Amino acid sequence: MEGQIEQVGVQQACENHPCDAGSCGERAVAKLDMRAFCLDHFLSVSFQEIRAHYDGLKRQPYDSNAMASFRELSSIWAREAEKLIEDANSADEETKGKLLEALLWISQAGKSLRRSPRVPTAIGVWLRREDTRRTWEEDTWTRTVSRHGAGFVCRHPVEMGGRVVITRKDKAMRAEARVVYSRLNADGRREIGVEMIDRDNFWD
Ligand SMILES: [Zn+2]
């Protein structure tokens, strides 16, 4: 019974979402970073992106934001893969074997990346969400920053893909950003990660 409920949940989540890979258009079975994938493309395109991301991390100097984003993406990928493996009707045994192999790779990759403490970069900001139904603004600070984005503690729920306006308190600079992840951290506080839309190097 539990399995059935879970399965319904997975299908509903992706219902009416065609696969976003190229012009595929097959029914999507998994969602990752605001994109939906059919089973084939989840295993090929989406997994390849994670591997490429990992290779990039290995090649470049340590970047805590890129590292956090890799961990976030790979854990979402792993969660989606686990759901597909548990769902009796989602895939044949061979495909499930591939999903398992990919999960194993992700777990190894996670272990092989050295754990460096994130350098906290606290810049005070106003975070504003303009929505036709509910506009809010809150006073917060960055936890991590990079050239193209930042991570914040955020008290309001905000969906992936949502847009927010960020104003730096120290310089009165404003920029629009897109939410790329939203999750509860170990302290039960919501953390969101954003990607700047029209600004490069907003944080100097
Ligand atoms: Zn597809």
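Quick caveat: nothing in here was measured; it's all calculated off a predicted structure.

Q: Would you take a moment to explain helix α2 (residues 39-59) for this structure?
A: Owing to its 3.6 residues per turn, the α-helix brings residues three or four apart onto one side. With 21 residues, α2 should reach 30 Å at 1.5 Å per residue; the first-to-last C-alpha distance of 30 Å fits that figure. Along α2, the largest kink reaches about 30 degrees and is centred on Phe47. Looking only at α2, the buried set comprises Leu39, Phe42, Leu43, Ser46, Phe47, Ile50, Tyr54, Gly56 and Leu57. On the buried face of α2, the contacting elements are β1 (30-32), β2 (35-37), α3 (64-86) and α4 (93-112).

Q: Just checking my understanding: could you explain the coordination of the zinc ion for this structure?
A: Ideal values for angles at a metal depend on the geometry: 109.5 degrees with four tetrahedral donors, 90 or 180 degrees with six octahedral donors. Each protein donor to the zinc ion is listed here as Cys19 (SG), Cys24 (SG), Cys38 (SG) and His41 (ND1); together their distances run 2.0 to 2.3 Å. Because the angles between the 4 donor atoms bound to the zinc ion fall within 103 to 115 degrees, the donor set is best described as tetrahedral. In terms of primary sequence, the donors binding the zinc ion are separated according to C-x4-C-x13-C-x2-H. Judged by its relative accessible area of 5%, Cys19 falls in the buried class.

Q: I keep staring at the side chain of His156 and nothing clicks. Help me out?
A: In this structure, His156 sits in the loop between β5 (149-153) and β6 (163-168). A residue is classified by how much of its surface remains accessible, and His156, at 17% relative accessible area, is buried. Side-chain polar atoms of His156 contact the side chain of Glu138, separated by 2.5 Å. His156 has contacts with Arg134, Trp136, Glu137, Glu138 and Arg190, leaving out every residue within four places of it along the chain.

Q: How should I be thinking about the sheet that holds strand β4 (residues 136-145) in this particular structure?
A: Each strand in a sheet pairs with its neighbour through backbone hydrogen bonds, running either in the same direction (parallel) or in the opposite one (antiparallel). What the 6 strands build is a closed barrel, ordered β3-β4-β5-β8-β7-β6; its pairing is antiparallel. Ignoring strand direction, the axes of neighbouring strands in this sheet form an average angle of 45 degrees. Bridge count between β5 and strand β8 (residues 190-196): 5 bridges; the pairing is antiparallel. If you follow Ala150 over to β8, its bridge partner there is Val194.

Q: Sorry if this is basic, but what is going on with the layout of surface pockets here?
A: One water molecule sets the probe size; rolling that probe over the atoms shows where empty space is left. Within this model, the largest pocket holds a volume of roughly 540 Å³. Among the secondary structure elements, those contributing two or more residues to the lining of the largest pocket are α2, α3, β5, β7 (174-184) and β8. The element that contributes the greatest number of residues to the lining of the largest pocket is α3, accounting for 7 residues. A class-by-class count of the residues in the lining of the largest pocket yields 10 nonpolar, 9 polar and 8 charged.

Q: Where do I start with unusual backbone geometry in this structure?
A: Where the residue is not glycine, phi is negative for most of them; where a peptide bond is considered, it is trans in most cases. Of note, the phi angle at Ala172 is positive, near 55 degrees, even though the residue is not glycine. Among the structural elements, Ala172 can be located in the loop between β6 and β7. Exposure remark for Ala172: the relative accessible area of 62% places this residue in the exposed category.

Calculation rules
Residues numbered from 1 in each chain as written. Predicted model: local features only at pLDDT ≥ 70, side-chain atom pairs only at ≥ 80, totals over all residues. Heavy atoms only, no water. Helix = DSSP H or I, 4+ residues; strand = E, 2+ residues; numbered from the N terminus. Expected span 1.5 Å × (residues − 1). Bend = angle between axes of the 7 residues up to and from the residue. Buried < 20%, exposed > 50% of the residue type's maximum accessible area, 1.4 Å probe, protein only. Contact = heavy atoms within 4.5 Å. Donors = N, O, S within 2.8 Å, 3.2 Å for Na, K, Ca; no water. Tetrahedral: all angles 85-135°; square planar, octahedral: opposite > 155°, others 65-115°. Polar contact = N/O pair within 3.5 Å; in protein donor to acceptor, adjacent residues only side chain to side chain. Pairing = 2+ DSSP bridges. Axes fitted to C-alpha atoms, helices over the stretch in contact; angles between N-to-C directions. 1 Å grid on protein atoms, 1.4 Å probe; cavity = no way out; pocket = protein on both sides within 12 Å on 5 of 7 lines; lining within 4 Å. Points joined across faces, edges and corners; volume = space filled by probe spheres on them. Nonpolar A, V, L, I, M, F, W, Y, C, P; charged D, E, K, R; others polar.

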